[in-house]
Amino acid sequence: MILPGTLPGDAVEAVVELPKKGAHSAIGRVSRFIRKSPGRRGSPCPASALCGGCPLIELTSEAQLSYKKRFLEKLFSATPGGASQILDPIPMPHGIDSGYRNKAVLYFEESAGTRKLGMYEAGSHHVAPGTDSCRLCPHWMAVAANAVLRWSRDSGLSVWSETSQTGLLRGLILRAGSNGRLATLVTSSSIPDSASESLISALQSAGVSDITVSIKTRPGNFVLGETSVVLLGRGSVTAEISGLEFEVRPETFLQVNTPQTPVLYDTAIRLASISPEDTVLDLYSGIGTISLLLARKAGHVIGVEIVPESVEEAKKNAVRNGLSNTEFFCGPAEKILPDICSRGIQPKTVFVDPPRKGLEASVPGIIAAMEPETVIYIACGPEALARDAAKFHNLGYCLDTLQPVDLFPDTAHIECVARLRRVQ
Ligand code: SAH
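Remember, it's a predicted structure, so these values are computed and weren't measured experimentally.

So, how was this worked out
- Residues numbered from 1 in each chain as written.
- Predicted model: local features only at pLDDT ≥ 70, side-chain atom pairs only at ≥ 80, totals over all residues.
- Heavy atoms only, no water.
- Near = heavy atom within 4 Å.
- Polar contact = N/O pair within 3.5 Å; in protein donor to acceptor, adjacent residues only side chain to side chain.
- Areas by Shrake-Rupley, 256 points an atom, 1.4 Å probe, with all protein chains shown as cover.
- Helix = DSSP H or I, 4+ residues; strand = E, 2+ residues; numbered from the N terminus.
- Nonpolar A, V, L, I, M, F, W, Y, C, P; charged D, E, K, R; others polar.
- Pairing = 2+ DSSP bridges.
- Right-handed = clockwise from strand over helix to strand, strands pointing away.
- Domains from an automatic or database assignment.
- Contact = heavy atoms within 4.5 Å.
- Buried area = accessible area lost by both parts, 1.4 Å probe.
- Salt bridge = Lys/Arg side-chain N within 4 Å of Asp/Glu carboxyl O.

A. Here's a closer look at the site of the ligand. Among the 16 residues in the neighbourhood of the ligand, the closest are listed as Tyr265, Tyr284, Glu305, Ala333 and Asp353. Interatomic distance of 2.5 Å between a side-chain N/O atom of tyrosine 265 and an oxygen atom of the ligand. Contacts to the ligand include tyrosine 284, whose backbone N or O atom sits 2.9 Å from a nitrogen atom. Relative to its unbound accessible surface of 570 Å², the ligand loses 89% to contact with the protein. Contributions of two or more residues to the shell around the ligand are made by helix H6 (289–295) and helix H8 (333–342). In the shell around the ligand, the residues fall into 9 nonpolar, 4 polar and 3 charged.

Have a look at this one:
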């Protein structure tokens, strides 16, 4: 936890109080700086103070990485065999520090007669000024966001209000493919035909090749709606990763850091030492990125993924890349795994790449029952990885390497690849 207004390496005097008796987290306020971190630099982003999405941006990348490593050492110090296995984080390739994100999620907001389209301030539902042009995203995304904001005013369409639960325009999701640009407008109901036509020309002026409208009628935090209409192109883009091509749709997951994603996958696959006779399980397989990279080296790869659109795309991606030694199953890993187990499949290696909350409680036990030699755990949530690695330890697997990969520079997040080896 970083005290607001401070950076790792600062020494401060702070007043810390519990908001109410028995609260689990305290509120801290800096009263005096004793010493500022030697790793401080000026912020390269004009919006960083208000946006809050990049809390470490005022540290040099070296200072960020050493902070992230110390954080992991502390976190894994309680995991048997944990802290001693942590390698230095892999930094971004060639010092790239901007324009590397392939996805921007922007929200409409209207207050006091001013309409905005941008990112939410961290921890709020208010659009932070200046975030229509985030430096982490390619420039065309800022051009597209401005074109859509102008279009929304010119076409007289209303903006969704969380308070009154009325209005039409909710958000805009922009995704960059290797040679295509996808825009998804999120609305509360369909937009008039005349507005669709002018939206197409506004977005084409920003070089957008594919447009979908996603209609969200139900409440809830999930950004996309339940139904969608393609306005332009196929409504998807193609991403090239390490020589393979993947179709990316608005509903499907893709790592957001384009140059660092192949580094992450290569690291994970190298740690696994796959041979052509191996059967490999890839749990939480998304659109089949890791499965298909594995299929180039393994005998057979089985992917498991909960989102039906992703499974559909994974199967198509396998065909498109000519990799026939793959199978994909749709459903929660915790439900599908026992079926795979009952078919007598004995994978030599199991890859898991779960969401931030980590593995469902039963999953480590089911994996261990299949007795794979190696489990490769890719984690965007190191806390969940530490918890799950301790469970694997009790099941006879030791954490033998933990390789952090800096997938989220300037933020406090760090991606980790852990190798767990069977010892009994
Ligand atoms: N390995 C993929 C996706 C990783 S993101 C890649 O690198 O692109 C995590 C994935 O887990 C998402 O696609 C999400 O839809 C999926 N997921 C979430 N909960 C799941 C569950 N219980 N069982 C299987 N897949 C799940």
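B. Quick peek at the pairing of strand E13 (residues 326–330). Pairing analysis gives 5 bridges linking strand E12 (residues 300–305) to E13, with the strands arranged parallel. Residue pairing for E13: valine 301 is matched across the bridge by threonine 326. Once you follow E12 into helix H7 (residues 308–320) and on to E13, the crossover reads as right-handed.

C. Region of the structure containing the domain arrangement of the protein chain. Domain annotation for the protein chain reports domain 1 (1–38), domain 2 (83–89 + 255–422) and domain 3 (103–241). Taking only C-alpha atoms into account, the centre of domain 2 sits 32 Å from that of domain 3. Every contact between the two is made by 8 residues of domain 2 and, on the other side, 5 residues of domain 3. Overall, the association of domain 2 and domain 3 removes approximately 450 Å² of surface from exposure, summing both partners, and the carbon and sulfur fraction of that is 65%. Broken down residue by residue, the surface that domain 2 buries against domain 3 is led by Val256, Arg320 and Asp410, which jointly contribute 51%. Taken together, domain 2 and domain 3 are joined by 1 salt bridge. The partner of arginine 135 in a salt bridge is aspartate 410, with the nearest N and O atoms 3.4 Å apart. Applying the counting criterion to the domain 2 and domain 3 interface returns 2 residue pairs in polar contact (both at pLDDT 80 or more). Mapped by element, the contributors of at least two residues to the side of domain 2 that touches domain 3 are helix H5 (261–272) and H6. Among the elements that make up the side of domain 2 that touches domain 3, the one with the highest residue count is H5 (3 residues).

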